[in-house]
Amino acid sequence: MRTLLLPAAARPWRQRLAQLGLAWCAAVFAVLACGAQHAQAEAAASGPSLERRVKAAFMYKFLGYTEFPANAFADPASPITILVSGSDEMVAELAALTAGRSVNSRPIVVRAQRETEPGLAHLLFVAGSDCARAGRVIRAVRALLVVTECDTGLQQGSVINFRIVDEHVRFDVSLEAADSNGVKLSSRLLTVANHVQKGAP
């Protein structure tokens, strides 16, 4: 189905980024069997808040297409833990998105991670464009699925790195980092990645 967009001059760059990011995210969610309900909720937002919602929705879907090692959970009822470093807004966004939801029958716990408080996470999101800081956080936290949004996130050790490509929110994947962390990513997720890096960067 074709998406009709207003002329570029008719809307600010930030709004175009949000709208195009949402359009591409909706297409990916169709591949990942994401329901229309969340896409409709996103349509009410704009600008940076929409970009944050798109990334939060991606991360929630990443969990369903990631196979964690057997020893990643203490017992069958243990929750999936998401740590967020550097963005209280993303903590709130993910907490709202995952409230009352589960992945593979496991509840989801979202909390902020402080650099001075190393922790354990099934998913760690390091916010911001400071790649040196991202590297420090990644080394300080024992995390399995690491997601970043800085230019050289994969080189810093992340498994998935968000990028803006042609004003769309997309993501690159490092299979080497995934293997090193003991996680397996579904081929369905890899199919919609912007780029899949199989070896060392």
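What counts as what
Residues numbered from 1 in each chain as written. Predicted model: local features only at pLDDT ≥ 70, side-chain atom pairs only at ≥ 80, totals over all residues. Heavy atoms only, no water. pLDDT = per-residue confidence, 0-100. Contact = heavy atoms within 4.5 Å. Pairing = 2+ DSSP bridges. Helix = DSSP H or I, 4+ residues; strand = E, 2+ residues; numbered from the N terminus. Buried < 20%, exposed > 50% of the residue type's maximum accessible area, 1.4 Å probe, protein only. Arc of directions from axis to C-beta.

As recorded in an unreviewed UniProt entry, the protein chain goes by YfiR family protein and comes from Massilia agilis.

Novice: What am I meant to see in the confidence of the model for the protein chain here?
Specialist: Parts of the model with low pLDDT should not have their predicted coordinates read in detail. When pLDDT is averaged along the protein chain, the result is 82, and 73% of the positions lie at 70 or above. When the criterion is pLDDT under 50, residues 1–11 qualifies, and its contacts beyond four places in sequence or with other chains add up to six contacts. Contacts of residues 33–45 to residues separated by more than four positions or lying in other chains number 19 contacts, the stretch itself having pLDDT below 50.

Novice: I would appreciate a short explanation of the pairing of strand β4 (residues 106–112) in the present structure.
Specialist: It is a general feature of regular strands that their side chains alternate between the two faces of the sheet. Here strand β2 (residues 80–85) pairs with β4 via five bridges, running parallel. From the neighbouring strand, I80 faces β4, where its bridge partner is I108. Between the end of strand β3 (residues 102–103) and the start of β4, which pair antiparallel, lie two residues, with N104 showing a positive phi angle near 55°.

Novice: Explain helix α4 (residues 88–98) here, please?
Specialist: Residue pairs spaced three or four apart in an α-helix point in one direction, given the helix's 3.6 residues per turn. Taken together, the buried positions of α4 are M90, V91, E93, L94, L97 and T98. Projected onto a plane normal to the axis of α4, the buried residues spread over an arc of 165° and lie on a single side. After α4 finishes, the residue G100 shows a positive phi value of roughly 80°.

Novice: Sorry, what's going on with the sheet that holds strand β8 (residues 168–174) here?
Specialist: Sheet strands pair by backbone hydrogen bonding; their relative direction is either parallel or antiparallel. An order of β3-β4-β2-β5-β6-β7-β8-β10 is seen for the eight strands of this open sheet, with the pairing classed as mixed. The strands lining the two open edges of the sheet, one partner per strand, are β3 and β10 (195–197). In this sheet, β8 lies alongside strand β7 (residues 160–165) in antiparallel orientation, the contact comprising six bridges. Across the sheet, R163 pairs through a bridge with R170, a residue of β8.

Novice: What's the story with the environment of I164 in this structure? I'm lost.
Specialist: Within the secondary structure layout, I164 lies in strand β7. We classify I164 as partly exposed; its relative accessible area is 38%. A C-alpha to C-alpha distance of 9.9 Å links I164 and D151, two positions 13 residues apart in sequence.

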